[in-house]
Amino acid sequence: MRVSAYPLIDADEAALLVLEHTPVLGPERVQLADAIGRVLAEDLVASGPLPAFPSSAVDGYAVRAADAGKTLRVLGESSAGRPFDGTVTAGTAARILTGGVVPDGADCVVMVEHVRVSGEEVTVPPSLVAGNNFHKVGDDVQAGDRILSAGSQLGAAEIGIAAATGHAQVPVRKRPRVALMSTGDELVEVGKTPRHGQIPDSNRWALLASLREAGADVTLLGIAPDEAEPLRRVVVEALERADALVTSGGVSVGTHDLVKPLLESLGTVHVGRVKLKPGKPFTFATLPSPLAGEGGPTPPDSWGGGPQGLRGGGRPDGDTKVAFGLPGFPVSSLVTFEVFVRPALRKMQGFAQLHRPTLPVRLGYDARSTPDRTEYQRVTLRREGRELIAETTGSQASSRLLSLAGAHALIRVPAGDQGLKSGSIVEAMILGLP
Ligand code: AMP
Ligand code: MG
């Protein structure tokens, strides 16, 4: 065993360093069909009002409120998409259907249920209120309104409003292309029978899931052996086409731990050890693009497919790439993913909100602290009256994935000897509510 040359960095400081050195990717335009989950690169502004015309909310008759109680002559019909071109004058009405344009001259719509119809005439109720039963121009959106802000994620409603305001394409940030690699001579492909001393490469699939959930476009590099040259070849080739590298294993101080020296040789290691439990060996580096001394310029962007960017931006030449060396222990790799990688991927995508939401919860157990490391403990949550109660998921060993499976939140336990007492209220980082 060597002694690590890397300083132990405070967990919050390490998180800030990661974000500080992570670039925001450039914009591109995508069709609405491809926009789900993407992050807006620019504010969307309405070019016109919504609705664009006074639009009936009901089926009935468009009339003048001043004609309340009268029997009116029906001049014609305004249905959705087929406006009535005439004008509603005193003593007249137009039949109107939901979504139809309220004709000139009319100032309210009477529901069909509230009138008496006889031939070409209609008798309206004794009291009518101007403005009733139709949507006015600009009721929903005024021309020039900012309808969606840069940094917001596009879900169904956001895509709907973009479509309603006539945007067939939307400007979004590129998705991070992430190369994912497991390292370790003990690893075998999942599904193959491990020989004595071997284990399935489970991190690959767990991290693939985390990466995809965080919006990344992932390339699987498979398992790299604990040998410097093959490891280097795989990483260098992958980085030609990736914005980020994520590895698991090979970052502690054993003699087979080759990821740190490799990243050191290719770029700058900003974080080499963290006062964090689990996840002390977490490593973060930035790498120049193209890699120094690794041959010619990066080939043209052939990933991602879609329409090319607005204002150039983001990729592929001349940008800094980021590399995350996650520890091998399954819980350590997923917790460091949550603490460091996920916020960084969100920054790359331009998310306004980088971190998981937090909620106040009451601890249902004594959370013991670690003297010199911030600890992220895994908990389940349950409702008790108006409160959320956090219970430990049991043994917090960094090898025990069951401490994270089914966990609803992470509790940040500050370093020290105080711990957090059962019954105290703390902010929990929400992974998924029960
Ligand atoms: P390392 O960080 O390389 O020292 O790995 C620490 C431990 O994590 C190893 O001894 C394995 O038990 C486990 N481990 C490493 N890589 C993986 C992987 N890809 N999938 C599952 N467990 C792993
Ligand atoms: Mg290893």
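Quick notes on the rules
- Residues numbered from 1 in each chain as written.
- Chains lettered and ligands numbered in written order.
- Predicted model: local features only at pLDDT ≥ 70, side-chain atom pairs only at ≥ 80, totals over all residues.
- Heavy atoms only, no water.
- Near = heavy atom within 4 Å.
- Polar contact = N/O pair within 3.5 Å; in protein donor to acceptor, adjacent residues only side chain to side chain.
- Areas by Shrake-Rupley, 256 points an atom, 1.4 Å probe, with all protein chains shown as cover.
- Helix = DSSP H or I, 4+ residues; strand = E, 2+ residues; numbered from the N terminus.
- Nonpolar A, V, L, I, M, F, W, Y, C, P; charged D, E, K, R; others polar.
- Buried < 20%, exposed > 50% of the residue type's maximum accessible area, 1.4 Å probe, protein only.
- Contact = heavy atoms within 4.5 Å.
- Salt bridge = Lys/Arg side-chain N within 4 Å of Asp/Glu carboxyl O.
- Phe/Tyr/Trp six-rings, centres within 6.5 Å; stacked < 30°, edge-to-face > 60°.
- pLDDT = per-residue confidence, 0-100.
- Arc of directions from axis to C-beta.

A. How the structure looks around the site of ligand 1. With respect to spatial proximity, 16 residues lie near ligand 1, and among them Asp-201, Asn-203, Gly-250, Gly-328 and Phe-329 are the closest. The separation between a nitrogen atom of ligand 1 and a polar side-chain atom of Asp-201 is 2.7 Å. One of the backbone nitrogen or oxygen atoms of Gly-250 is found 2.8 Å away from an oxygen atom of ligand 1. Here ligand 1, which alone exposes 490 Å², has 79% of that area covered by the protein. Every element with two or more residues in the shell around ligand 1 is listed here: strand 16 (199-200) and helix 3 (202-213). Partitioning the shell around ligand 1 into residue classes produces 5 nonpolar, 8 polar and 3 charged.

B. Broad picture of the environment of Arg-382. Examined against the element boundaries, Arg-382 turns out to sit in strand 24 (residues 374-384). The exposure class of Arg-382 is partly exposed, given its relative accessible area of 35%. Beyond its immediate sequence surroundings of up to four residues, Arg-382 is in contact with Glu-387, Leu-388, Ile-389 and Glu-391. A distance of 2.5 Å separates a polar atom in the side chain of Arg-382 from a polar atom in the side chain of Glu-384. In terms of polar contacts, Arg-382 uses its side chain to reach the side chain of Glu-391, at 2.9 Å.

C. Looking closely at the pattern of salt bridges. Enumeration according to the criterion identifies 14 salt bridges in this entry. A salt bridge links Asp-12 to Arg-412; the nearest nitrogen and oxygen atoms lie 2.6 Å apart. Linking Asp-12 in helix 1 (residues 11-21) with Arg-412 in strand 26 (residues 409-413), this pair joins segments that are 400 residues apart in sequence. Take Asp-12: its relative accessible area is 37%, and that puts it in the partly exposed class. Take Arg-412: its relative accessible area is 31%, and that puts it in the partly exposed class. Linking Glu-213 and Arg-342 is a salt bridge whose minimum nitrogen-to-oxygen distance equals 3.5 Å. With Glu-213 in helix 3 and Arg-342 in helix 6 (residues 330-348), this pair connects stretches of sequence that are 129 residues apart.

D. Here's a closer look at the packing of aromatic side chains. Considering all chains together, one arrives at 3 aromatic pairs under this definition. Between Phe-282 and Phe-324 the ring centres are 6.5 Å apart and the planes differ by 35 degrees, which places this aromatic pair in the tilted class. Here Phe-282 is found in the loop between strand 20 (273-277) and strand 21 (283-287), whereas its partner Phe-324 is found in strand 22 (residues 321-326), with 42 residues between them in sequence. Look at Phe-324 and you get buried, because its relative accessible area is 1%. When the centroid spacing of 4.1 Å and the interplanar angle of 15 degrees are considered together, the rings of Phe-282 and Phe-340 count as stacked.

E. Looking closely at unusual backbone geometry. The step from Leu-50 to Pro-51 runs through a cis peptide bond, and the omega angle for that step is -10 degrees. Structurally, the position occupied by Pro-51 is in the loop between strand 3 (44-45) and strand 4 (55-56). The omega angle of the peptide bond from Ser-289 to Pro-290 is -5 degrees, so this bond is cis rather than trans. Checked against the element boundaries, Pro-290 lands in the loop between strand 21 and strand 22.

F. Region of interest: the confidence of the model for the chain. Per-chain confidence: the chain averages 93 in pLDDT, with 94% of residues scoring 70 or above. In the predicted structure, residues 296-317 sits below a pLDDT of 50 and forms 43 contacts with residues beyond four places in sequence or in another chain.

G. The arrangement of helix 5 (residues 259-266) in detail. Burial in helix 5 covers these residues: Val-259, Lys-260, Leu-262, Leu-263 and Leu-266. All buried residues of helix 5 lie within an arc of 160 degrees about the axis, which places them on one face of the element. Among the structural elements, strand 14 (177-183), helix 4 (228-239), strand 18 (244-248), strand 19 (268-271), strand 21 and strand 22 are those in contact with the buried residues of helix 5.

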